[in-house]
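Residue strings, one per chain:
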Amino acid sequence: MTKTLNVGMVGYGFMARAHSNAWSKVSHFFDTGYRPVLKAVAARNTEKATAFAQQWGYESVESDWRRLIERADIDAIDICTPNDSHAEIAIAAAKAGKMVLCEKPLARTEAEGKPMVEAVEAAGVPNMVWYNYRRVPAVMLVKRMIDQGLLGHIYHYRAKFLQDWTISPDVPQGGAATWRLDVDSAGSGVTGDLLAHCLDTAIWLNGGIDSLTAMTETFVKQRKDAVTGAMRDVGIDDAAAVMTRFANGSLGTFESTRYARGHKAAYTLEINGENGSLAWDLHDLNRVAWFDHRTPGALRGWTSILVTDGEHPYLGKWWVPGLIIGYEHSFVHQVADFLEGLSNGKPAAPTFRDALETTRICDAIIASGRSGQWVDLAAGMTP
């Protein structure tokens, strides 16, 4: 018998749209034993929250997320708010016995994230952080190929996430639209916003990171406050370049910037092993590039795998082979895995505890960018 899961959304922005779409679509394609219901949305701006609720089919609106959590008819709280509010909402929701799903990053810092982990674990409530790129079928295929040992020993992992939307010094910081440029709201810049995605995928595919060193830079030192109009110092990182050593002995390089003119969301990764290499590009997200060195020399070369067949991860639930899917489907897959986890008792990763490790690595990048020193993560230490 299918169970109902009443969802309470906190926030109405870009990510709330992506999550709401996933909650509303998942039951049409995946049989998980649960049917999500868009029960209520909470936000301080009641007018915008009401418009959002009407567009997406939420049954009701709350002007305070605390009242949303208090409601007996809400099973799961989905947090789609700026980073500085994640901890307070998540901890309160866990203490109220609600399932908690949180947009990435988990928190602004590891210290802020630890009580969140403790809260959900003490309450025993299902929890998950929305690192959606794990659920792109092509990336999931990369994971499957690595786990099957097709690469052999891995030597290199490299990833980059490039954007260009903050190059103009006229872009403000703070407020509803540009809170990601405000260090108090975001915690960090490209490290927590973009590199966090790369790092989550990397430690999922290639294992833990033992040590790292980083360069970070803030190119525009002052920006206008979007609320007050006053000029304020900029505290976030505009760009980061990171070198890492993984626990498996491989070397990693990561780059992220919002100053790469011509790039809007250029996320790529490549992994090199003794038997071959794998590569993926968000701008061609349904393909995996595969080089198999074991192929006879005259036939050896890069192969482009179109990930649309029913035997590929998740694709058997969608269309016929050859018909591609998009960015929004990764969120549907994440909801499907979360609901499946409720049915089989196996938590869908990344849990809060999993995501705390990514935040710990982000902390180390910021610290190394300031000090210029290597950080020993294997020892559990960050400066």
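Anyway, here's the lowdown on the structure attached to this text.

Cut-offs used in this document
- Residues numbered from 1 in each chain as written.
- Predicted model: local features only at pLDDT ≥ 70, side-chain atom pairs only at ≥ 80, totals over all residues.
- Heavy atoms only, no water.
- Helix = DSSP H or I, 4+ residues; strand = E, 2+ residues; numbered from the N terminus.
- Buried < 20%, exposed > 50% of the residue type's maximum accessible area, 1.4 Å probe, protein only.
- Polar contact = N/O pair within 3.5 Å; in protein donor to acceptor, adjacent residues only side chain to side chain.
- Contact = heavy atoms within 4.5 Å.
- Salt bridge = Lys/Arg side-chain N within 4 Å of Asp/Glu carboxyl O.
- Pairing = 2+ DSSP bridges.
- Axes fitted to C-alpha atoms, helices over the stretch in contact; angles between N-to-C directions.
- Patch = residues over 30% accessible without salt bridge, like charges linked within 9 Å, V, L, I, M, F, W, Y side chains within 5 Å.
- Areas by Shrake-Rupley, 256 points an atom, 1.4 Å probe, with all protein chains shown as cover.

## Some points on the side chain of Lys143
Part 1 of the argument: Take Lys143: it is sitting in helix 6 (residues 137-147).
Part 2 of the argument: Exposure remark for Lys143: the relative accessible area of 17% places this residue in the buried category.
Part 3 of the argument: Within the local environment of Lys143, its side chain forms a polar contact with the backbone oxygen of Trp204, the two atoms lying 2.9 Å apart.
Part 4 of the argument: In contact with Lys143, not counting residues within four places along its chain, are Trp204 and Leu205.

## Describing the pattern of salt bridges
Part 1 of the argument: With the rule as written, the count across this model stands at 23 salt bridges.
Part 2 of the argument: Arg134 is the salt-bridge partner of Asp200, the closest N and O atoms lying 2.9 Å from each other. In this pair, Asp200 is assigned in helix 8 (residues 190-206) and Arg134 in the loop between strand 6 (127-130) and helix 6, connecting sequence segments 66 residues apart. The pair Asp200 / Arg134 is uniform in exposure class, with both members buried.
Part 3 of the argument: Each of Glu62, Arg67, Arg71 and Asp73 takes part in salt bridges that share partners, so that together they form one network.

## Observations concerning the sheet that holds strand 7 (residues 154-162)
Part 1 of the argument: If you trace the nine strands from one edge of the open sheet to the other, you get 16-15-14-13-7-12-11-8-17, paired in mixed fashion. What marks the edges here is a single partner per strand, and that holds for strand 16 (302-306) and strand 17 (375-376).
Part 2 of the argument: Strands strand 8 (209-217), strand 11 (239-246) and strand 17 of the sheet are contacted by helix 10 (residues 352-371), whose axis makes an angle of about 50° with strand 8.

## Topic: a nonpolar patch on the surface
Part 1 of the argument: A cluster of nonpolar residues, Trp319, Val320 and Leu323, forms a patch on the protein surface that exposes about 310 Å² of accessible area.
Part 2 of the argument: Here Trp319 lies in the loop between strand 16 and helix 9 (327-344).
Part 3 of the argument: Take Trp319: its relative accessible area is 43%, and that puts it in the partly exposed class.

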